[in-house]
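Given next are the chains, with one letter for each unit.
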Amino acid sequence: MFPDDTLTPREAVRLCALGVLAERRHRYSALANLIRDFVGHVLGPSLDLMGTSIELLKLEGLVEAVDGLGMEDDAEIAITPEGRQQFRALLTARLRSGATELNKLVCALKFRFLHLLGEGDQHDQVDLLVDFY
């Protein structure tokens, strides 16, 4: 995170990946496509934002292959309990001041995955978004 507790571009993509998996498991290839499609629809194609690897999330213990190894056999990927904690931390991060492309993505992600938070966190995030705008 940036020093002001806001998300970096890499963390925004990580939030997208973990959020998609928090909803349900996906095959490796489907997960990669869902992440690319969401980020691409919000910001357009960007090589800078496609740097987060699902393999890195596996290595960090945030996701796990359920029925295979990973990319090489298109395994089904699931979020771990540590991944859920990281997802909550990323989703409840602050927004950076100013109208930047990154804020556009983070706001879209907050709206997209708001339903996965508890009721108290949902209210806090809605208040944060209202205050921001």
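Described in the following lines is the structure provided in the data block. (Residues numbered from 1 in each chain as written. Predicted model: local features only at pLDDT ≥ 70, side-chain atom pairs only at ≥ 80, totals over all residues. Heavy atoms only, no water.)

Considering the overall build of the chain
Scanning the chain for helices and strands turns up six helices and three strands. Along the chain, helices (α) and strands (β) appear in the sequence α-β-α-α-β-β-α-α-α when read from the amino end. Taken over C-alpha atoms, the radius of gyration comes to 14 Å for the chain, in line with the 14 Å a tight globule of 133 residues would show. Taken along its principal axes, the extent of the C-alpha atoms in the chain is 45 × 30 × 25 Å. The buried share among the 133 residues of the chain stands at 40%. Pairs at least 24 apart in sequence give 62% of the contacts found in the chain among residues at least 6 apart. (Helix = DSSP H or I, 4+ residues; strand = E, 2+ residues; numbered from the N terminus. Rg over C-alpha atoms; globule rule 2.2 N^0.38 Å. Buried < 20%, exposed > 50% of the residue type's maximum accessible area, 1.4 Å probe, protein only. Contact = heavy atoms within 4.5 Å.)

A closer look at the environment of Ile35
For Ile35, the position within the fold is in helix α2 (residues 28-43). The spacing of Ile35 and Cys16 is 19 residues in sequence and 6.2 Å in space, taken between C-alpha atoms. When neighbours within four sequence positions are excluded, Ile35 is seen to be in contact with Val13, Cys16 and Ala17.

Some details on the sheet that holds strand β3 (residues 76-79)
Taking strand neighbours across the sheet as the criterion, the three strands line up as β1-β3-β2 in an open arrangement whose pairing is antiparallel. On the outer flanks of this sheet lie β1 (26-27) and β2 (63-65), each paired with one strand and no other. Strand direction decides the pairing type here: β2 and β3, joined by three bridges, are antiparallel. The partner of Val63 across the bridge, within β3, is Ile79. (Pairing = 2+ DSSP bridges.)

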